[in-house]
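This is what each chain is made of:
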Amino acid sequence: VMAEVFVAKVADLPDGERKIVQHGAHDIGVFHWDGQFYAYANMCLHQGGPACEGVVKGKVVERLGPDKSYLGQTYDHNDPHIVCPWHGYEYDIKTGECAADRRLRLKKYNVVRRGEEIYVSV
């Protein structure tokens, strides 16, 4: 049987927000994004930075012209990423996958909703 850690009441974690909870020596980032809840270990795979404390923004996308010339960068707001504040490593908020190498991903936790309360299974 897995233990559960109380995160918040749904009303206290509005869409677009996050909360960092502790379980022993571990920090867990819980995100409410687009009506769903996601939880990850708050530890960047690069150098152990607090990945879940970074900004959430659209994935950086390279723009190319019809002739394949470089037109700069933009953001894909339909593909939100967590950006680690230490060195800018990006992680897909829905999967925890690292944008630079999809084989790598943040440790994911299951989120359990009971009525108006949110928990993570650890």
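Let me sum up the structure you'll find in this document.

What counts as what
- Here the residue numbering is sequential within each chain, running from 1 through the sequence in written order.
- Local features in this predicted model are restricted to residues of pLDDT 70 or higher, and side-chain atom pairs are both shown and tallied only at a pLDDT of 80 or more, whereas totals for entire chains, interfaces and linings draw on every residue.
- Side-chain figures throughout are based on the complete set of non-hydrogen atoms in the structure, without hydrogens or water.
- Residues belong to one nonpolar core when they are buried, are Ala, Val, Leu, Ile, Met, Phe, Trp, Tyr or Cys, and are joined through side-chain atoms within 4.5 Å.
- The cut-offs for exposure are 20% and 50% of the maximum accessible area for each residue type, with area from a 1.4 Å probe on protein chains only; residues under the lower value are buried, those over the upper are exposed, and the others partly exposed.
- Working definition: helices are DSSP H or I runs of at least four residues, strands are E runs of at least two. Numbering for both runs from the N terminus.
- We call two residues contacting when some pair of their heavy atoms lies within 4.5 Å.
- Criterion for a disulfide: a pair of cysteine sulfur atoms within 2.5 Å.
- The criterion for strand pairing is that DSSP finds at least two bridges linking the strands in question.
- Axis definition: a line fit to C-alpha positions, over the contact stretch in the case of helices; interaxial angles, taken between N-to-C directions, run 0 to 180 degrees.

1. Here we look at the nonpolar core
Proteins that are soluble and globular tend to have nonpolar side chains buried together.
Consideration 1: One finds Val7, Leu13, Val21, Ile28, Val30 and Val120 to be the most contacted residues of the largest nonpolar core, which totals 14 residues.
Consideration 2: Those elements that place two or more of their residues in this core are strand 1 (4-9), strand 3 (26-33), strand 4 (36-41) and strand 9 (117-121).
Consideration 3: Excluding anything up to four places from it in sequence, Val7 contacts Leu13, Lys19, Val21, Val30, Ile118, Tyr119 and Val120.
Consideration 4: Counting 12 residues, the second-largest nonpolar core is a separate cluster that includes Ala51, Ile82, Cys84 and Leu106.

2. Section: the state of the cysteines
Consideration 1: Within this structure, the stated rule accounts for zero disulfides.
Consideration 2: The cysteine Cys84 is free of any disulfide, with Cys44 supplying the nearest cysteine sulfur at 3.9 Å.
Consideration 3: Taking relative accessible area as the criterion, Cys84 reaches 3% and is therefore assigned buried.

3. Quick notes on the sheet that holds strand 8 (residues 108-114)
Consideration 1: What the six strands build is an open sheet, ordered 1-9-8-4-3-2; its pairing is antiparallel. The two strands at the open ends of the sheet, each matched to only one other strand, are strand 1 and strand 2 (18-23). Neighbour-to-neighbour, the strand axes of this sheet turn through a mean angle of 30°, independent of strand direction.
Consideration 2: Pairing of strand 8 with strand 9, which is carried by five bridges, proceeds in the antiparallel orientation. Bridge assignment links Arg114 to a residue of strand 9, and that residue is Glu117.

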